[in-house]
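Structural features, examined
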Amino acid sequence: MRRLVLCTALAAVMCSLVSCQSQFSRVPQTPAELKLHIDSKSQEFTFRSISLHNLKRVMDKSLPVEKRLDSLHVLEQLDANNVELYPSLAMVLGDGQSPVNLRREILTYLIQTNFPGLGDQISAALPTANDEGLRVAIMDWLIQNPNHASFAQVVKLWAMEKRTSGDMENRYRQLAEHSAGAPWDQALFGALNSDDFAARGSALEILQARMSPEQLRSRIANIVARSESMKAMQYFSEHFGFFPHTGRELMAEVIASRNGPSALYPASVLAFQWQGQYGYHFNIRDVHLLAKLGADDARKQYTRQKLSADLLASVRARKLLRPSSSEYALPGKVLTLDSQIESLSMPDLWTAYLADRLLNQPQLRLALDARADKEGAHAQSVQLGGLVVFDQGRARASIYPPGERRSDAAYTASPKMVQESADAMCFFIAHFGPDKQQKVLGPSEREVTFARDYNLSGLVLTGLGQASLNACFFTPGGAIVDLGDYPPINQ
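Below: a short report on this structure. Owing to the predicted nature of the structure, the values given are computational and were not obtained by experimental measurement.

1. Remarks on the packing of aromatic side chains
As enumerated under the stated definition, the model contains 16 aromatic pairs in all. With a centroid separation of 4.7 Å and an interplanar angle of 40°, the aromatic rings of Phe450 and Tyr454 are classed as tilted. Judged by its relative accessible area of 30%, Tyr454 falls in the partly exposed class. Chaining the aromatic ring pairs together yields one cluster made of Tyr235, Phe236, Phe240, Phe242 and Phe282. Between Lys306 and the ring centre of Tyr302, over which it is positioned, the NZ or CZ distance is 5.2 Å. Between the NZ or CZ atom of Arg318 and the centre of the ring of Tyr486, over which it lies, the distance is 3.7 Å.

2. Let's talk about the packing of helix 11 (residues 184-192) against helix 12 (residues 200-210)
Packing of helix 11 against helix 12 brings their axes to within 9 Å, and their N-to-C directions diverge by 140°. Of the two possible hands of crossing, helix 11 and helix 12 adopt the one that is left-handed. From helix 11, Trp184, Asp185, Leu188, Phe189, Ala191 and Leu192 reach across to helix 12, where they touch Arg200, Ala203, Leu204, Ile206, Leu207 and Arg210.

3. Brief notes about the pairing of strand 4 (residues 426-432)
When you tally the buried positions in strand 4, you get 7 out of 7 residues, the bulk of the element. Here strand 4 shows no split at all, with Cys426, Phe428, Ala430 and Phe432 on one side and Phe427, Ile429 and His431 on the other all buried. Taken together, the 7 bridges between strand 2 (residues 382-391) and strand 4 define a ladder with antiparallel strand orientation. For Val388, the partnering residue across the bridge sits in strand 4 and is Cys426. As paired elements, strand 4 and strand 5 (residues 458-465) share 5 bridges and run parallel to each other. Counterpart to His431 in the pairing with strand 5 is Thr462.

4. Things to note about unusual backbone geometry
Even without glycine at this site, Gln392 takes up a positive phi of about 55°. Mapped onto the fold, Gln392 is located in the loop between strand 2 and strand 3 (394-400). Look at Gln392 and you get exposed, because its relative accessible area is 78%.

5. Observations concerning the sheet that holds strand 3
Pairing is mixed across the open sheet formed by 7 strands, whose spatial order is 1-7-6-5-4-2-3. The open sheet is flanked by strand 1 (335-336) and strand 3, the only strands paired with a single partner. In the sheet, strand 2 pairs with strand 3 via 7 bridges, with the strands oriented antiparallel. Paired with Val388 across the strands is Ala397, a residue of strand 3.

6. Here's the deal with the nonpolar core
Ranked by size, the top nonpolar core spans 60 residues in total, and within it Leu89, Ile106, Ile138, Leu188 and Leu192 carry the most contacts. With 7 residues, the single largest contributor to this core is helix 8 (residues 132-144). In this structure Ile138 touches Leu107, Ile122, Ala125, Leu126 and Ala129, once residues within four positions along its chain are discounted.

7. Let's talk about the pairing of strand 5
By the criterion of burial, strand 5 is predominantly enclosed, with 8 of the 8 residues buried. Both strand 5 and strand 6 (residues 468-474) contribute to a ladder of 7 bridges, which runs antiparallel. Bridge pairing in strand 6 links Gly465 to Ser468. What sits between strand 5 and strand 6 in their antiparallel hairpin is a turn of 2 residues, with Gln466 showing a positive phi close to 60°.

8. Considering the side chain of Ser308
Mapped onto the elements of the fold, Ser308 is located in helix 18 (residues 304-317). Setting aside chain neighbours within four positions, we find Ser308 in contact with Ile341 and Leu349.

9. Focus: helix 23 (residues 445-453)
Within the span of helix 23, buried status applies to Glu447, Val448, Phe450 and Ala451. For helix 23, the angular spread of the buried residues around the axis is 160°, confining them to a single face. Among the exposed residues of helix 23, those pointing more than 90 degrees away from its buried face are Glu445 and Asp453. Buried-residue contacts for helix 23 involve helix 22 (415-420), strand 4, strand 5, strand 6 and strand 7 (480-486). Once helix 23 ends, the next one or two residues include Asn455, with phi positive near 55°.

Criteria and thresholds
- Residues numbered from 1 in each chain as written.
- Predicted model: local features only at pLDDT ≥ 70, side-chain atom pairs only at ≥ 80, totals over all residues.
- Heavy atoms only, no water.
- Phe/Tyr/Trp six-rings, centres within 6.5 Å; stacked < 30°, edge-to-face > 60°.
- Buried < 20%, exposed > 50% of the residue type's maximum accessible area, 1.4 Å probe, protein only.
- Lys NZ or Arg CZ within 6 Å of the ring centre and 35° of its normal.
- Axes fitted to C-alpha atoms, helices over the stretch in contact; angles between N-to-C directions.
- Helix = DSSP H or I, 4+ residues; strand = E, 2+ residues; numbered from the N terminus.
- Left-handed = near helix turned anticlockwise from the far one by under 90°.
- Contact = heavy atoms within 4.5 Å.
- Pairing = 2+ DSSP bridges.
- Core = buried A, V, L, I, M, F, W, Y, C linked by side-chain atoms within 4.5 Å.
- Arc of directions from axis to C-beta.

Right, dumping it as structure tokens:
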């Protein structure tokens, strides 16, 4: 009987050992498993190996969020004071695709660690915090832990806010004041007046939305200018009567100002001349053309009557080359030059006039044909784009590689093209389908939106086959004008 009891007890001990061994056959990855590991005083896994294993699981996008949270809670239980973990966890926090509840708990955990580099990591996560609760938590932490380096990121996000009052607006203002140590408006004016600040355009847009134009102009005029942005705003306000409304317009002012007052003076003279003669109102997108025309003694003498007559004569002299099929008819939004010429501003008229001259010359046409032949071998549709500048009395075009290839049916401007378009006459897009034919004429909605968003005039060239093409000129204001069909360059 004693032997039976002893055997039973021994069996129970062996069973317990086997169970314990199976219990710790893997790294603990839930709080319950970690507790068992600690209670058993097992030496099978070190705390460091447990931490790194669970960090990997927290970052694993293929795991269900519940399992990722379990591993995060393991790290919390370990109180893993390991600086190796924090940057990696901050990456998950900054990933807009990470589940909101995971990001919230990571934020809570990181705040408790007092990690020295946490300010930059948390401010970088702010733009991807689409959940309002998470965004509020991040902003509240930043208010309590002001970080001057994160201020530019905060300003960029603030500029996108539609509301200019309420709790979120108050948080942004507090963030500005804590980051700069000054009232929120002074903080933004100070940012505008610093070349080291990376969000000057956003700072301007915030001020534009929260101050009257008169108040803003007055404040800008009375600041001692130190930055390129502040100097440019003051110069254009004084000499052109123009004040930027967007970061894009501010950037264009800065780029134009880099040529110096001597290059801008002829532009201001011609702008005021056109204002008196034709009722023209200056727009920063016109400064490239105005500066070049103002320095061209022969060209600047052209009257509106002469420009209109020459352009109309050129368009009327060319035959209709598009096929008779209704598929090739211009959309209703595209109007004839005859009906629209009186509504075009002088810069618009000059741009259309110079574009027409450009398309009657071989250089751009040959370059487009060559590029379409090369790319068309691999695609059913070819989209090419670039910029047109005014140089030595004539228009000159440059083709720019696309910024990204989303599809053959859409051209995406590269950051380089967008940047350099601030000192250009207009942009152009060329559409070529199979056999260099395209059935839809005129700009797409995407291209019209691009013109409006970047304050640029555009030129859309549509292949009609047999090396001929149609051209439509359009403005940021939405006017779309048919310049007609252009025959092959050897005809």
